[in-house]
Amino acid sequence: MRTRIKEILERGAKSAPCSFSGWVRSVRASKEICFIVLNDGSTIDGIQVVAESGLPNFTDICRIGTGTALTVAGTLVESPASGQKWELAAGSIEIIGGADAAFPLQKKRHSFEYLRTIAHLRPRTNTFGAVFRLRSRLAQAIHRFFSEESFLYVHTPIITASDCEGAGELFRVSTLDAAEPPMLEGQPDFSQDFFGQKTGLTVSGQLEGELFALAFGDIYTFGPTFRAENSNTARHASEFWMIEPEMAFANLADDADLAEKFVRYLCRFALDECADDMAFFDKHIENGLIERIGKVADADFARMEYTEAIDRLQKSGAAFAYPVEWGLDLQTEHERYITEQIVGGPVFILNYPKDIKAFYMRQNDDGRTVAAMDLLVPKIGEIIGGSQREERLDRLESRMVELGITQEPLWWYLDSRRWGSCPHAGFGLGFERLVMYLSGMENIRDVIPFPRTPRHCEF
Ligand code: 4AD
Ligand code: MG
């Protein structure tokens, strides 16, 4: 059985005779001795393997290339060289899979843009090793948080007939003949499609999540969501993961409280339990990252009304590309100005104009805003979007009429307001934006294993 490098390094002298397998990061060979750095993905650190000329296959070993897969056995000894505490005096080295000079990851540093074109190989670099270890641990921490809070984990469907956010960004799911679909009154006849109706990939599990909250009290979803939104920004992906908790008998303030506790928990988790990778990000991706995340873990988040945010943006005197006016949505530049310049940390913006938000949000008594909240954080802008939901059937129906949303296909959602309806609230945290926030990585394409964006779905 192979031992992971992480475990070997943690055990130190105690793991003296050991065997491990991994991929060569660098080789330096001379006549008498060959130094190989091997990494197996379990930790940011590799082990320096020292091979001496007495090994029977020493000549072959000296010829191996970066990227070669090896199994090494030997004795862990204190390293006389600086930069590492331990090294391995090799007793045997088995070449498992060779790699020639065409292996693209030869030099130490490549641009992230280039590495995106070789997304099948980039996990073997330090940066992407750290990103995807952090991502994996965070996913587990999210389940741990909600388990500690006694929330029910619900798997909402991926194929759906409803467009939760109403933005018309559904990817179509169809088995109709694309070239010659059956037609009815000039339109493809979806009644002949696989599900007997028009269907797509979900943009959010919220509507189904609400139904479960109204039975289990507190629930969350954590799954992939899809948006056919043609925006090519560093923060938008066509396929991304979202965590959506939903609480019954809860209002907007309860919602913000949960979001704050959740985000602070994840900051603390990353610092405490992913310390090596966080130290790497601090050193190579964003200086000061650890201090920044530490402050967020310890501080109360600010809360500001949308109306006040508009007022302060207008009075800031800053020049923005997009207009700032009550009734208009906040653009990323505005969001970042609020969280970076005005507040200097995470801030909830509360009670947005109803006309820029989705149909399901609870209408406030002022007649012009809804009980919506976005959490804005420095460098990213919006990381969470949520709201208290409209639990009053008549108000929900009249809002749908106003927005021209057909009620019939959402009869099951409306039913939840017919029997035992109650105030409830929830939010969605974009998982990739969280990983960006905690790692300092600046492009969403670099925190998801195989990014899907407009015109990109190669791997
Ligand atoms: O604000 P959004 O659209 O809210 C919803 O989907 C609600 N149904 C959530 C709820 O109340 N249960 O999306 C929520 C979050 C955003 O704040 C953002 O972090 C992320 O999802 N997000 C995206 N992340 C990556 N790429 C995209 N195209 C994203 N769109 C939204
Ligand atoms: Mg939003």
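Because the structure is a prediction, the values reported are computed rather than measured.

S.K.: What is the right way to look at the site of ligand 1 in this model?
M.R.: Lining the immediate environment of ligand 1, one finds 24 residues, of which Glu165, Gln206, Glu244, Glu382 and Ile383 sit closest. One of the side-chain nitrogen or oxygen atoms of glutamate 165 is found 2.7 Å away from a nitrogen atom of ligand 1. Within the contact set of ligand 1, an oxygen atom lies 2.6 Å away from a side-chain nitrogen or oxygen of glutamate 382. Protein chains shield 93% of the accessible area of ligand 1, which is 630 Å² for the free molecule. Listed by contribution, the elements that provide at least two residues to the shell around ligand 1 are strand S13 (239-248), strand S17 (381-388) and strand S18 (424-430). Considering every element that reaches the shell around ligand 1, the biggest residue donor is S17, with five residues. Among the residues making up the shell around ligand 1, the classes are represented as eight nonpolar, eight polar and eight charged.

S.K.: What am I meant to see in the side chain of arginine 122 here?
M.R.: With respect to the helices and strands, arginine 122 occurs in the loop between helix H3 (112-116) and helix H4 (126-148). Given a relative accessible area of 1%, arginine 122 falls into the buried group. Engagement of the side chain of arginine 122 in a polar contact is seen with the backbone oxygen of isoleucine 448, the distance being 2.8 Å. Among residues more than four places away in sequence, those in contact with arginine 122 are Leu115, Arg116, Phe128, Phe132, Arg445, Asp446, Ile448, Pro449 and Pro451.

S.K.: Even after reading the chapter, I still don't get the sheet that holds strand S2 (residues 33-39), so can you show me in this structure?
M.R.: To summarise the sheet geometry, strands pair through backbone hydrogen bonds and adopt either a parallel or an antiparallel arrangement. Read once around its circumference, the closed barrel built from five strands follows the order S1-S2-S3-S5-S4, with strand pairing classed as mixed. On average, each strand axis in the sheet is tilted by 55 degrees relative to the strand beside it, whichever way the strands run. Two elements, S2 and strand S3 (residues 47-52), share six bridges in a ladder whose sense is antiparallel. Bridge pairing in S3 places isoleucine 33 opposite glutamate 52.

S.K.: How should I be thinking about the sheet that holds strand S11 (residues 199-201) in this particular structure?
M.R.: Across the sheet, which stays open at both edges, the three strands sit in the order S7-S11-S8 with antiparallel pairing between neighbours. Lying at the two open borders of the sheet, with one neighbouring strand each, are strand S7 (159-160) and strand S8 (172-173). Where S8 and S11 come together, two bridges link them in antiparallel fashion. Paired with arginine 172 across the two strands is glycine 200, which belongs to S11.

S.K.: Teacher, can you tell me more about the domain arrangement of the protein here?
M.R.: Interfaces are frequently sized by the accessible area removed from exposure as the parts join. Structurally, the protein comprises domain 1 (5-103) and domain 2 (123-167 + 203-446). Here domain 1 and domain 2 have C-alpha centroids that lie 45 Å from each other. Taken together, the contact pairs eight residues of domain 1 with eight residues of domain 2. Across the domain 1/domain 2 interface, buried area totals approximately 670 Å², and carbon plus sulfur atoms make up 44% of it. Applying the counting rule to domain 1 against domain 2 returns zero salt bridges. Seen at the junction of domain 1 and domain 2, the total is four residue pairs in polar contact (both at pLDDT 80 or more). When the residues that make up the side of domain 1 that touches domain 2 are grouped by side-chain class, the tally is three nonpolar, four polar and one charged.

Conventions and cut-offs
- Residues numbered from 1 in each chain as written.
- Chains lettered and ligands numbered in written order.
- Predicted model: local features only at pLDDT ≥ 70, side-chain atom pairs only at ≥ 80, totals over all residues.
- Heavy atoms only, no water.
- Near = heavy atom within 4 Å.
- Polar contact = N/O pair within 3.5 Å; in protein donor to acceptor, adjacent residues only side chain to side chain.
- Areas by Shrake-Rupley, 256 points an atom, 1.4 Å probe, with all protein chains shown as cover.
- Helix = DSSP H or I, 4+ residues; strand = E, 2+ residues; numbered from the N terminus.
- Nonpolar A, V, L, I, M, F, W, Y, C, P; charged D, E, K, R; others polar.
- Buried < 20%, exposed > 50% of the residue type's maximum accessible area, 1.4 Å probe, protein only.
- Contact = heavy atoms within 4.5 Å.
- Pairing = 2+ DSSP bridges.
- Axes fitted to C-alpha atoms, helices over the stretch in contact; angles between N-to-C directions.
- Domains from an automatic or database assignment.
- Buried area = accessible area lost by both parts, 1.4 Å probe.
- Salt bridge = Lys/Arg side-chain N within 4 Å of Asp/Glu carboxyl O.

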